[in-house]
Amino acid sequence: MKRKVLIVEDDSLLAEAAADYFNGKGWLAETAGNGSAALERFRQEQFHLILLDVMMPGMNGFSVCRKIREESDVPIIFITALVMEEDQLNGYSMGADDYVAKPFSLPVLYAKAEALAARVWKGDAGRLKAGRLEIDVRSHEVWKQKELVELPPKEYEMLLFFLENPGRVYSRDQLLIRFWGYDFDGSERVVDSHIKKLRKALGDCGCVIRTVHKMGYRMEVRNEDE
C-alpha cells in the first residue's frame, strides 16, 4: 500500500513541485491550497503525513494543525518561512512533529517526511516499533514484548513524541510548551515529574530517555542485537 501525503500550500507552483517529487518516489500526493480545503480532505481520507504551510490566507497553518490534533495523531511537518524559535515552539505546542524552513530542497523535505512516516506507520498496521516496545498509534496501546504498559495520556503523548524524534534534545521549556501550552502557569519541574513516571513505567525496554546536562532530554533507542 502506498503512503499518502497531503500537501497544504497556497503557492500552487511549490505545491505542484512537491507533489510531483513525492509521486515520483512512490507516494500518493494530494494538494490543498488553503486551510479549509485541507481540513475537508483530511476528514474525507486517511493520510500518512501532512505537510502544512504556516502562512496562508484565511485559516493559517497553526489553526489547521490545532483542529487536526483534536481528531488525529497523523504526523505533521510545518513548511514555513518563520524561523524564529518562538514560532517553532508555537508550532510544537499546536502539535507539529517537525519543521522545514523555506527555502528548502525537495530531497531534504522528502528525507524528513520519509523518516517521520516510517517511524509512525508500519504498513497498514499503524504501529511504531523501537527496542522492545511496540505502540499502536491508533488505539494508543503500548506493549513491552507481550506485556501491556498502562500509561496516562500525558506520558503516552510524551513517549510517542520522543520515539518519533530519537536523538534530538528537547529543553524543559520546549517540552512544557509542546505538552502543556503557552498558558500553563505551573513550574517547569512538571516535565521532570512526568519523565520520571514514564521511565519507571517503561523499565528496561531498550528505549531510554536520557538527561542531557543543562540542555534537556533525548530519547536513545537500542536495537535488539546490541
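Residues numbered from 1 in each chain as written. Predicted model: local features only at pLDDT ≥ 70, side-chain atom pairs only at ≥ 80, totals over all residues. Heavy atoms only, no water.

Topic: the overall build of the chain
Where we set the bar: Only DSSP runs of H or I with at least four residues qualify as helices, and only runs of E with at least two residues qualify as strands; both kinds are numbered from the N terminus onward. Throughout, exposure labels follow a simple rule: accessible area from a 1.4 Å probe, protein chains only, divided by the maximum for the residue type, with under 20% read as buried, over 50% as exposed, and the rest as partly exposed. In this analysis, two residues are considered to be in contact whenever any of their non-hydrogen atoms come within 4.5 Å of each other. Using the Shrake-Rupley algorithm and a 1.4 Å probe, accessible areas are obtained, with residue cover drawn only from the displayed protein chains.
Broken down by element type, the chain carries eight helices and 11 strands. Taken across its 226 residues, the chain has 45% of its residues classed as buried. The long-range share in the chain, meaning contacts at least 24 apart out of those at least 6 apart in sequence, stands at 57%. A total of about 11400 Å² of accessible surface is found on the chain, and carbon and sulfur atoms cover 49% of it.

What about the packing of aromatic side chains?
Stated precisely, the cut-off is as follows: Side-chain rings of Phe, Tyr and Trp, where Trp is taken by its six-membered ring, are said to pair if the distance between their centres is within 6.5 Å; with planes under 30 degrees apart they count as stacked, over 60 as edge-to-face, and otherwise as tilted.
Per the stated rule, a full pass over the model turns up 10 aromatic pairs. Geometrically, the ring pair formed by Phe78 and Tyr99 is tilted, given 5.5 Å between the ring centres and 55 degrees between the ring planes. Remark: Tyr99 occurs in strand β5 (residues 98-101) and Phe78 occurs in strand β4 (residues 76-80); sequence separation between them is 21 residues. The pair Phe78 / Tyr99 is uniform in exposure class, with both members buried.

A look at the environment of Ser93
Structurally, Ser93 is set in helix α4 (residues 85-94). Remark: the alpha-carbon pair of Ser93 and Ile177, spanning 84 residues in sequence, is separated by 5.2 Å. Once residues lying within four places of it in the same chain are set aside, the contact partners of Ser93 are Ile177, Arg178 and Tyr182.

So, the sheet that holds strand β2 (residues 28-32)
Operational definition: By the convention used here, strands pair only if DSSP detects at least 2 bridges between them. To get an axis, fit a line to the C-alpha atoms, keeping to the stretch in contact for a helix; angles then go from 0 to 180 degrees between the N-to-C directions.
On the basis of which strands lie adjacent, the open sheet formed by five strands has the order β2-β1-β3-β4-β5 and parallel pairing. The open sheet is flanked by β2 and β5, the only strands paired with a single partner. In this sheet, adjacent strand axes meet at a mean angle of 20 degrees when their direction is disregarded. The sheet contact formed by strand β3 (residues 49-53) and β4 spans four bridges and is parallel. Residue pairing across strands places Ile50 opposite Ile76, the latter belonging to β4. Sheet contacts for helix α1 (residues 12-24): β1 (4-8), β2 and β3; angle to β2, the most-contacted strand, approximately 165 degrees.

What to know about the environment of Met55
Summarising the element assignment, Met55 is placed in the loop between β3 and α3 (61-69). Sequence-wise, Met55 and Ile79 are 24 residues apart; in three dimensions their C-alpha atoms are separated by 9.0 Å.

A word on α1
What counts is decided by this rule: Helix span is expected to be 1.5 Å times the residue number reduced by one. By construction, the arc corresponds to the directions joining the helix axis to the C-beta atoms. Whenever a nitrogen or oxygen atom comes within 3.5 Å of another N or O atom, the pair is scored as a polar contact, on the condition that within protein one atom can donate a hydrogen and the other can accept it, and that pairs from neighbouring residues in sequence are kept only if both atoms are in side chains.
For α1, with 13 residues, the first-to-last C-alpha span of 18 Å sits near the 18 Å given by 1.5 Å per residue. Within α1, the full set of buried residues consists of Ala15, Ala18, Ala19 and Phe22. Buried residues along α1 cover an arc of 100 degrees about the axis, so they all sit on one side. The exposed residues of α1 that point more than 90 degrees off its buried face are Leu13 and Gly24. Regarding α1, its N-cap is Asp11, as a side-chain oxygen of that residue lies 3.1 Å from the backbone nitrogen of Leu13 further along. A positive backbone phi angle near 95 degrees is found at Gly26, which sits one or two residues after α1.

Some words on the sheet that holds strand β7 (residues 133-136)
Here four strands make up an open sheet; going across it, the order is β6-β7-β8-β9 and the pairing antiparallel. Sheet topology places β6 (127-130) and β9 (147-149) at the edges, where each strand pairs with a single neighbour. On average, adjacent strands in this sheet sit at an angle of 25 degrees to one another, irrespective of strand direction. With four bridges connecting them, β6 and β7 associate as antiparallel partners.

Notes on the nonpolar core
Short version of the rule: Side-chain atoms within 4.5 Å are what join buried Ala, Val, Leu, Ile, Met, Phe, Trp, Tyr and Cys residues into a set we call a nonpolar core.
Core analysis: the biggest nonpolar cluster contains 29 residues, and Ile135, Leu159 and Leu163 have the highest contact counts within it. Breaking this core down by element, the ones donating at least two residues are β6, β7, α6 (153-164), α7 (172-180), α8 (189-202), β10 (207-212) and β11 (216-221). If you tally residues by element for this core, the top one is α6, at seven residues. Membership of the second largest hydrophobic core comes to 22 residues, among which are Ala32, Leu52, Cys65 and Tyr92.

Concerning the side chain of Thr80
Counting through the fold element by element, Thr80 comes out in strand β4. With sequence-adjacent residues up to four places away left out, Thr80 is seen in contact with Asp53, Val54, Tyr99, Val100, Ala101 and Lys102.

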